[in-house]
Amino acid sequence: MLKTRIITALILAPIAIGGIFFLPPLGFALFTGAIISIGAWEWANMSGIGHPAGRIGYALLTALILYGLLNVPFVAVLWLALFWWGICFLLVRSYPAGSDKWGSLPVRAVMGLFVLVPAWVGLNHLRTGGFQFGDSSNNLLLILYVFCVVWVADIGAYFAGRAFGKAKLAPRVSPGKSWAGVWGGLVAVGAFAIVVSFLASAGAGQTLLLIVASLATGLVSVLGDLLESMLKRHRGIKDSSQLLPGHGGIMDRIDSLTAAIPVFALIITQLGWLTTGHW
């Protein structure tokens, strides 16, 4: 399994790096739109859509919605995403109680749109917006930063959870996660934000705000992971698909990012570090 995971990662890494960091804005939108559409194909399965044609249709519908949002104000969608993840917190917290309200196929299908579409909008807002933090104005570094926040939170959670993880975070949703893991991940994210602020020559005020924004992003990334775990548990599946040998599916790799990206994009927009850009 480890060998399979490594081979898959070595194949996918150049594709992901090239698509995210070396394409112009419109190419970036198309590339990320393709990834989100594949994620939608997987979400269709988690929704309970059994027929292959139905899953493809759901993916095409998602792609059509993304196209329709090209000229829609990004910030409005990001505010909707923040509201949505607040609802998700309540859903995950109460599981399995309340699952009768969202467990039907149509409701789970709509939930997927609220997860996937704002993630694409937020990512493209980060790519095209006017950005300035400290002496940094590189949008690609901004995208790399939010990715790293999620990865650092995950790494910190892993080691803290192994060392101190007795109190479980949400045992009915994801038994492996612990409160120690959450706190360990947030400590790692806070330290990472301080290092990045120093490298960007940011002042004390900006540094403090970046720490707060990063902690909020790291916290909501956990919710993104838990929501997908809840949907898979309800559906009775382990992985969103077997598309990535050794890794599961696309959604298994981007579940945390779907929550983190729109929330982070909204926060730094409200802080004035990111303004709406153009294709």
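This section reports on the structure supplied with the text. (Residues numbered from 1 in each chain as written. Predicted model: local features only at pLDDT ≥ 70, side-chain atom pairs only at ≥ 80, totals over all residues. Heavy atoms only, no water.)

## Points about the overall build of the protein
Rules: Only runs of H or I of at least four residues qualify as helices and only runs of E of at least two qualify as strands under DSSP, and these elements are numbered from the N terminus. Per-residue accessibility, obtained with a 1.4 Å probe over protein chains only, is compared with the maximum for each type, and a residue is labelled buried under 20%, exposed over 50%, and partly exposed between these values. The contact criterion used throughout is that any non-hydrogen atoms of two residues lie within 4.5 Å. For the purpose of charge, His is not counted, nor are the chain termini; Lys and Arg are scored as positive and Asp and Glu as negative. Charge placement uses NZ in Lys and CZ in Arg. For Asp and Glu, CG and CD serve respectively.
Looking only at helices and strands, the protein has 10 helices and four strands in total. The principal-axis extents of the C-alpha atoms in the protein amount to approximately 50 × 45 × 40 Å. Looking at the protein as a whole, 50% of its 279 residues qualify as buried. Across the protein, contacts joining residues at least 24 apart in sequence account for 77% of those joining residues at least 6 apart. For the protein, the distance from the average position of its 17 positive side-chain charges to the average position of its 9 negative side-chain charges is 7 Å.

## Some words on the side chain of Ser229
Along the chain, Ser229 falls in helix α9 (residues 204–235). Excluding its chain neighbours within four sequence positions, the residues that come into contact with Ser229 are Val173 and Ser174.

## Notes on the pattern of salt bridges
Definition in use: Any carboxyl oxygen of Asp or Glu that lies within 4 Å of a side-chain nitrogen of Lys or Arg is treated as forming a salt bridge with it.
Using the criterion set out here, one finds three salt bridges in the structure. Salt-bridge contacts for Asp252 lead to Lys232; the nearest nitrogen and oxygen are separated by 2.8 Å. Of the two residues, Asp252 sits in helix α10 (residues 250–270) while Lys232 sits in helix α9, which places them 20 residues apart along the sequence. A single network of salt bridges, built from pairs that share partners, joins Glu228, Lys232 and Asp252.

## Things to note about a nonpolar patch on the surface
How we decide: A patch is a set of surface residues, each over 30% in relative accessible area and not in a salt bridge, joined within 9 Å for like charges and within 5 Å for the nonpolar side chains Val, Leu, Ile, Met, Phe, Trp and Tyr. In this description, accessible areas are obtained by the Shrake-Rupley approach with a 1.4 Å probe, and a residue is regarded as covered only by the protein chains that are shown.
A cluster of nonpolar residues, Leu141, Leu144, Trp151, Ile155, Tyr158 and Phe159, forms a patch on the protein surface that exposes about 640 Å² of accessible area. The topology assignment puts Leu141 in helix α7 (residues 139–164). Relative accessible area serves as the criterion here: at 47%, Leu141 is assigned to the partly exposed category.

## Focus on unusual backbone geometry
Of the consecutive residues Tyr95 and Pro96, the connecting peptide bond is found in the cis state with omega at 10 degrees. Inspection of the secondary structure puts Pro96 in the loop between α4 (74–94) and α5 (99–102). With phi around 55 degrees, Ser201 is a residue other than glycine that occupies positive phi space. In this structure, Ser201 sits in the loop between α8 (179–199) and α9.

## Here we look at the packing of α4 against α9
Inclusion rule: Every axis in this analysis is a line fitted to C-alpha atoms, fitted for helices over the stretch in contact. Angles between the N-to-C directions lie between 0 and 180 degrees. By definition in this entry, angles of less than 35 degrees are roughly parallel, angles greater than 145 are roughly antiparallel, angles of 65 to 115 are roughly perpendicular, and the rest are oblique. Handedness of a crossing is defined here by the sense of rotation of the near helix relative to the far one, left-handed for an anticlockwise turn of less than a right angle and right-handed for a clockwise turn.
At a closest axis distance of 10 Å, the pairing of α4 and α9 adopts a crossing angle of 55 degrees. Taken together, the axes of α4 and α9 are oblique relative to one another. With respect to the hand of their crossing, α4 and α9 are arranged in left-handed fashion. Facing Trp84, Trp85, Cys88, Phe89, Leu91 and Val92 of α4, the residues of α9 in contact are Val220, Leu223, Gly224, Leu226, Leu227 and Met230.

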